[in-house]
Amino acid sequence: MNKIILMGNLAKDPDVRYTQSGKAFMRTSIAINRFAKKGEKPETDFFNLVAWEKTAEFFGRYLNKGSKVLIEGRLQN
């Protein structure tokens, strides 16, 4: 099973483009703060995101840099 759920803020505006066949795809990244011990500065992890078709168009239409998002998908390295 390959399933991941991430919650954080968009680190940059979604970049929506279209393939030659007309399919929409989007690229952006998400910033997620790690929990820190008391008195320590929290660290931030960044993950690249790719979405296709209706999800990509939704991101481009309604979300901007800094928007809080909850993402469910699969991890690909």
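Look up a bit, the structure's there.
Residues numbered from 1 in each chain as written. Predicted model: local features only at pLDDT ≥ 70, side-chain atom pairs only at ≥ 80, totals over all residues. Heavy atoms only, no water.

A. Geometry of the pattern of salt bridges. Under the criterion given, the structure shown has 5 salt bridges. Between E53 and K23 there is a salt bridge whose closest N-O contact spans 3.6 Å. You can see E53 sitting in helix α1 (residues 53-62) and its partner K23 sitting in the loop between β2 (15-18) and β3 (24-33), a full 30 residues away along the chain. Through salt bridges with shared partners, a single ionic network connects R34, E43 and D45. (Salt bridge = Lys/Arg side-chain N within 4 Å of Asp/Glu carboxyl O. Helix = DSSP H or I, 4+ residues; strand = E, 2+ residues; numbered from the N terminus.)

B. A look at the nonpolar core. Residues L10, I30, F59, V69 and I71 are the most contacted members of the largest nonpolar core, which totals 13 residues. Listing elements by their share of this core, those giving two or more residues are β1 (4-10), β3, β4 (44-52), α1 and β5 (68-73). Ranked by the residues each element gives to this core, the list is headed by β3, at 4 residues. Residues in contact with V69, not counting those within four places in the same chain, are L6, M7, G8, L10, I30 and L63. (Core = buried A, V, L, I, M, F, W, Y, C linked by side-chain atoms within 4.5 Å. Buried < 20%, exposed > 50% of the residue type's maximum accessible area, 1.4 Å probe, protein only. Contact = heavy atoms within 4.5 Å.)

C. Expanded view of the side chain of S67. Structurally, the position occupied by S67 is in the loop between α1 and β5. In terms of polar contacts, S67 uses its side chain to reach the backbone carbonyl oxygen of N64, at 2.8 Å. Residue contacts for S67: discarding those within four places in its chain leaves G8, N9 and L10. (Polar contact = N/O pair within 3.5 Å; in protein donor to acceptor, adjacent residues only side chain to side chain.)

D. Region of interest: the packing of aromatic side chains. Under the counting rule described, the total for this entry stands at 2 aromatic pairs. Arranged with centres 5.4 Å apart and planes meeting at 35 degrees, the rings of F25 and W52 form a pair that is tilted. Taken as a pair, F25 in strand β3 and W52 in strand β4 lie far apart in primary sequence, 27 residues in all. You can call F25 buried: its relative accessible area is 15%. Plain terms: the ring middles of F58 and Y62 are 5.0 Å apart, the flat faces sit at 45 degrees to each other, and that makes the pair tilted. A residue pair is termed a helical-turn pair when its members lie 3 or 4 positions apart in one helix, as F58 and Y62 do in helix α1 at 4 residues. Given the relative accessible area of 42%, F58 is considered partly exposed. (Phe/Tyr/Trp six-rings, centres within 6.5 Å; stacked < 30°, edge-to-face > 60°.)

E. Structural view of the environment of L49. Along the chain, L49 turns up in strand β4. For L49, a relative accessible area of 10% puts it in the buried group. Taking the C-alpha atoms as reference points, L49 and K38, separated by 11 residues in sequence, lie 31 Å from one another. Residues contacting L49, with those up to four places away along its chain left out, are L10, M26, R27, T28, S29, I30 and I71.

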